[in-house]
Amino acid sequence: MPGMFSIEVLGLDKLQKKLDPKSTLQKPQDEQIRTTAVKLEGEVRKATPVDTGRLRSSIFSDFSGGGAVVGTNVRYAPFVEFGTEFMEARHVEGGSARVLGTGPFTFAMKRLDLKGVEIQLGKKVEKIWGK
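Here the structure is a predicted model, which is why all the values come from computation and not from measurement.

Q: What should I look at first to understand the pairing of strand β4 (residues 97-100) in this one?
A: Where strand β3 (residues 90-93) meets β4, four bridges bridge the pair, whose relative direction is antiparallel. Residue pairing across strands places histidine 91 opposite valine 99, the latter belonging to β4. A loop of three residues connects β3 with β4, the two strands running antiparallel in sequence, and glycine 94 in this loop sits at a positive phi of about 70 degrees.

Written out as structure tokens, the structure reads:
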């Protein structure tokens, strides 16, 4: 038939994948969550007071399902973090100086620059989009 033509778009599947926000954002988001969890774990370990080393060695980070957990399974960890009626919350700063009033998790969260995490994620996404 005169006037009939066909168009074949090469690479359309790749373009659609690149434009899909879920696939575009998921990898850098997962990497940033994992990196932040590992950094937080390290900061909490450094800020945890040591008598026997049990609490410090029990600190862990776990990444799964698009989220992360940093925690411990030691039963007395909440007492160090939040204090009791007999003992104030405490963390270590500068190697060995115990500081009262703030637990290691709270102290570590304050030390991390979470705005910096958002900026890093934004830069990774911009790189994918070619800006």
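On we go from here.
Q: What is the right way to look at the pattern of salt bridges in this model?
A: For side chains of opposite charge, pairing can occur when their charged atoms come near one another. Going through the model one piece at a time under the given rule, you end up with four salt bridges. As a salt-bridge pair, arginine 111 and glutamate 43 come within 3.0 Å of each other at their nearest N and O atoms. Linking arginine 111 in helix α5 (residues 104-111) with glutamate 43 in helix α2 (residues 21-47), this pair joins segments that are 68 residues apart in sequence. In this structure glutamate 43 comes out as buried when scored by relative accessible area, which is 15%. As a salt-bridge pair, arginine 98 and aspartate 51 come within 2.9 Å of each other at their nearest N and O atoms. One end of the pair, arginine 98, is in strand β4; the other, aspartate 51, is in the loop between α2 and α3 (54-58), and 47 residues separate them in sequence. Residue classification places arginine 98 among the partly exposed residues on the basis of a relative accessible area of 39%. Each member of the salt-bridge network shares a partner with another, and the members are Glu43, Lys46 and Arg111.

Scoring rules and cut-offs
Residues numbered from 1 in each chain as written. Predicted model: local features only at pLDDT ≥ 70, side-chain atom pairs only at ≥ 80, totals over all residues. Heavy atoms only, no water. Pairing = 2+ DSSP bridges. Helix = DSSP H or I, 4+ residues; strand = E, 2+ residues; numbered from the N terminus. Salt bridge = Lys/Arg side-chain N within 4 Å of Asp/Glu carboxyl O. Buried < 20%, exposed > 50% of the residue type's maximum accessible area, 1.4 Å probe, protein only.

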